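Each chain, letter by letter, is given below.
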Amino acid sequence: MSKIIPYSTLLRQQYVNFLRHKNREYQEREDYLMGLRKLIFQVEGQMRQAEIQQLEVFREIAGHFKVDLKLPDLGDRVGLQETFATNPFLTALRDFFAGRLSAEECSEKILALQDESPAP
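Residues numbered from 1 in each chain as written. Predicted model: local features only at pLDDT ≥ 70, side-chain atom pairs only at ≥ 80, totals over all residues. Heavy atoms only, no water.

1. Details of helix H2 (residues 77-86)
Alright, step 1. Buried residues of H2: Gly79, Leu80, Thr83 and Phe84, and no others. Angular distribution of buried residues about the axis of H2 spans 130°; they occupy a single face of the element. Among the exposed residues of H2, those pointing more than 90 degrees away from its buried face are Val78, Gln81, Glu82, Ala85 and Thr86. (Buried < 20%, exposed > 50% of the residue type's maximum accessible area, 1.4 Å probe, protein only. Helix = DSSP H or I, 4+ residues; strand = E, 2+ residues; numbered from the N terminus. Arc of directions from axis to C-beta.)

The following block contains the structure:
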């Protein structure tokens, strides 16, 4: 003779199995998200390093042309954007790097800016 399992026991077991299944799904997604977070953190670090290296190029060029270039702190993103938008020296360099100016045109523009600025 077979043993009859009460409905409440079956229902409870179904709930337990459902929760275990959802826990596995959740943990798999959580592990995936953790991996993505680590990857994003690494990429952000590499991007930040590349941005710093790009700023060093601008500083190096400013030093070569003896232009007094004052950049805001690295953490001041808005300040950097404003500086790049309003500084004619940086605008000339951005146009050069974007291919809108040749090296000769960029050099002429920088030299013209130096002639316009008052001598210290």
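2. Concerning helix H3 (residues 88-97)
Alright, step 1. Listing the buried residues of H3 in full gives Phe89, Leu90, Ala92, Leu93 and Asp95.
Alright, step 2. Two to three positions downstream of the cap, the backbone nitrogen of Phe89 sits 2.8 Å from a side-chain oxygen, assigning the N-cap of H3 to Asn87.
Alright, step 3. Backbone geometry just downstream of H3 places Gly99 in the positive-phi region, at approximately 85°. (Polar contact = N/O pair within 3.5 Å; in protein donor to acceptor, adjacent residues only side chain to side chain.)

3. Observations regarding unusual backbone geometry
Alright, step 1. Not every positive phi belongs to a glycine, and Lys66 is a case in point at roughly 55°.
Alright, step 2. In this fold, Lys66 is placed in the loop between helix H1 (7-64) and H2.

4. Describing the environment of Gln114
Alright, step 1. Within the secondary structure, Gln114 is located in helix H4 (residues 103-116).
Alright, step 2. Sequence separation between Gln114 and Leu93 is 21 residues, and the spatial gap between their C-alpha atoms is 14 Å.
Alright, step 3. Once residues within four sequence positions are removed from consideration, Gln114 is found in contact with Phe65, Lys66 and Val67. (Contact = heavy atoms within 4.5 Å.)

5. Regarding a nonpolar patch on the surface
Alright, step 1. Residues Tyr32, Leu33, Leu36, Leu39, Val43 and Met47 make up a contiguous nonpolar surface patch of about 540 Å² in total accessible area.
Alright, step 2. As for its position among the elements, Val43 is in helix H1.
Alright, step 3. By relative accessible area, Val43 is classed as partly exposed at 37%. (Patch = residues over 30% accessible without salt bridge, like charges linked within 9 Å, V, L, I, M, F, W, Y side chains within 5 Å. Areas by Shrake-Rupley, 256 points an atom, 1.4 Å probe, with all protein chains shown as cover. Salt bridge = Lys/Arg side-chain N within 4 Å of Asp/Glu carboxyl O.)

6. Details of the nonpolar core
Alright, step 1. Counting residues in hydrophobic clusters, the biggest one holds 14 residues, and the most contacted among them are Phe58, Leu69, Leu71, Phe84, Phe89, Leu90 and Leu93.
Alright, step 2. Only H1, H2, H3 and H4 provide two or more residues apiece to this core.
Alright, step 3. Per element, the largest residue contribution to this core is four residues, and it comes from H1. (Core = buried A, V, L, I, M, F, W, Y, C linked by side-chain atoms within 4.5 Å.)

7. Focus on the packing of aromatic side chains
Alright, step 1. Overall, the coordinates contain three aromatic pairs when judged by the stated rule.
Alright, step 2. Arranged with centres 5.6 Å apart and planes meeting at 80°, the rings of Phe58 and Phe97 form a pair that is edge-to-face. Remark: Phe97 occurs in helix H3 and Phe58 occurs in helix H1; sequence separation between them is 39 residues.
Alright, step 3. Residue class for Phe58 comes out buried when judged on its relative accessible area of 9%.
Alright, step 4. Residue Phe97 is classed as partly exposed on the basis of its relative accessible area, which comes to 46%.
Alright, step 5. Each member of the aromatic cluster is reached from another via a ring pair, and the members are Phe58, Phe84, Phe96 and Phe97. (Phe/Tyr/Trp six-rings, centres within 6.5 Å; stacked < 30°, edge-to-face > 60°.)

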